[in-house]
Amino acid sequence: MERAVRELWAESRDLLGLASPSPDETATASAVPRADLPPTPLAFLRDHVSPGRPLLISAAATRHWPAASLWPTASYLTDALRSTTVSLHLTPDGRADALAPHPQPEQRPSSSSSKCFASAHVRRVDFPTAVGLIRGSDPDAGLVAYAQQQDDCLRGEYAAVAGDVDAHVPWASEALGCLPEAVNLWIGNAHSVTSFHKDHYDNIYVVVSGEKHFLLLPPTEHHRLYVRDYPAARYVATGKDAEADHQLSLRLEMEEPHRMVPWSSVDPYPASPEEMAAQASSFPLYFDGPAPIRCTVRAGEMLYLPSMWFHHVSQSPGPNGLTIAVNYWYDMQFDIKYAYFNFLRSLEIDDSSSKVGDLEGDLEEKND
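These figures come from a predicted structure and were not determined experimentally.

A. Highlighting unusual backbone geometry. Look at the link from Glu256 to Pro257: it is a cis peptide, with omega at 0 degrees. On the secondary structure map, Pro257 appears in the loop between strand E13 (249–254) and strand E14 (260–263). For Tyr226, which is not glycine, the phi torsion reads 50 degrees and is therefore positive. Looking at the secondary structure, you find Tyr226 in the loop between strand E11 (211–217) and strand E12 (228–238). Owing to a relative accessible area of 1%, Tyr226 belongs among the buried residues under this scheme. The backbone of Met308 sits at a positive phi, close to 75 degrees, despite the residue not being glycine.

B. Seen up close, the pattern of salt bridges. The final tally for this structure, using the stated rule, is 13 salt bridges. Residues Glu2 and Arg6 are paired through a salt bridge, measuring 2.9 Å at the closest nitrogen-oxygen approach. Taken together, the residues span about one helical turn, with Glu2 and Arg6 both in helix H1 (residues 2–16) at a distance of 4 residues. By relative accessible area, which is 28% here, Glu2 ends up partly exposed. Close ionic contact of Glu255 with Arg259 constitutes a salt bridge, the shortest N to O distance being 2.6 Å. Ionic contacts of the salt-bridge type, sharing partners, join the residues Arg13, Glu221 and Arg224 into one network.

C. The arrangement of the sheet that holds strand E6 (residues 121–126) in detail. Spatial strand order, E6-E3-E7: 3 strands in an open sheet with antiparallel pairing. With one partner strand each, in any of the chains shown, E6 and strand E7 (144–146) form the two edges of the open sheet. Going across the sheet, the axis of each strand differs from the next one's by a mean of 40 degrees, ignoring polarity. Together, strand E3 (85–91), E6 and E7 form the strand contacts of helix H5 (residues 127–135), whose direction differs from that of E6 by roughly 125 degrees.

D. Main features of helix H7 (residues 273–282). Looking at H7, one finds that the buried residues are Ala278, Gln279 and Ser282. Here the buried residues of H7 occupy an arc of 100 degrees about the axis, which is enough to place them on one side.

E. Molecular detail of the sheet that holds strand E18 (residues 323–331). Across the sheet, 6 strands lie side by side as E1-E2-E16-E10-E18-E8; this open sheet has mixed pairing. On the outer flanks of this sheet lie strand E1 (34–35) and strand E8 (182–188), each paired with one strand and no other. In this structure, strand E10 (residues 201–209) lies alongside E18, joined through 8 bridges in antiparallel fashion. Each bridged residue has a counterpart across the sheet, and for Ser209 the counterpart in E18 is Ile324. Running over the sheet, helix H2 (residues 41–49) touches strand E2 (55–57), E10 and strand E16 (302–305) and is turned about 55 degrees from E16.

F. A look at the pairing of strand E5 (residues 115–119). When you tally the buried positions in E5, you get 4 out of 5 residues, the bulk of the element. Judged from the 4 bridges that link them, strand E4 (residues 98–101) and E5 form a sheet pairing that is antiparallel. Across the sheet, the residue bridging to Leu99 is Phe117, located in E5. Examined bridge by bridge, E5 and E12 share 3 bridges and lie parallel to one another. Counterpart to Ser119 in the pairing with E12 is Arg234.

Reading the values: rules and limits
Residues numbered from 1 in each chain as written. Predicted model: local features only at pLDDT ≥ 70, side-chain atom pairs only at ≥ 80, totals over all residues. Heavy atoms only, no water. Helix = DSSP H or I, 4+ residues; strand = E, 2+ residues; numbered from the N terminus. Buried < 20%, exposed > 50% of the residue type's maximum accessible area, 1.4 Å probe, protein only. Salt bridge = Lys/Arg side-chain N within 4 Å of Asp/Glu carboxyl O. Pairing = 2+ DSSP bridges. Axes fitted to C-alpha atoms, helices over the stretch in contact; angles between N-to-C directions. Contact = heavy atoms within 4.5 Å. Arc of directions from axis to C-beta.

As structure tokens, then:
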């Protein structure tokens, strides 16, 4: 089975015209097709939506946006949103919606994972305070802030500046036959990282300030990420400073009622050589497979990310100290490709069936 699945990885990348370098090589941004001008709706549908093929479009696509020149400045957004209250997501290390050590290891069943799925603490603050916390984010101090409310927030919380960008992407809307279900605004700095995941949306992702660095895997490579069910947890504010935004202390607590979240077990950037060795040993389908496709989206550029593609995202701030992006989520078509994906992920590969526990045991021994 493993051999057949590896052949599928190579064949699918070949059909998409994407590179399949070995783990010792680098899949650069050139692996993602690039266009100097936005495509026509027909070309976009034929060459990218139908086959599920990413596309990177130059800054020509957003040059007419007022946001392209206004948002990267030091004060425009702060002035425009001075009286606006927004949702700010807070974690100790910049890793929201990611795996973290179980906060109550003594209470978990011995057969269960030592990791949990950790969600951010969400606090409502005025926008200038939010920007100050984002710029001052520091994992060493135990607090990283990220504006990442994913509920159509540009047309909600940030409606005062929504007119600075297009309400939708015309050629994408025509090709997909609908308007975006949500338009979101993202503001962070280099400390915020998004772990590997997939979305049930066709995603048009636009960077306005700074850069976003994507690692991409097509849906056919599902098994490489060792998706497992993890108990859900959430960061909460604690102690006497729980109401002081700049002196916040966070603690991870398990959610009640109990629920499980399916999530990728793979960390592509382990923090130490020991963790790297343990990850590589426990997740060989990822670390011994073809290198993930790397794509950097720079200010003004636009990335089309097809639905169900796995992506890991890190970022670099612009001159204003912030990374600012807008994304348009178009609801995916639940067609025969979705049925094929569900069938593929139902297949079991011997190599991926039991090594998550081995990794966690190895790391616990090293940390004793």
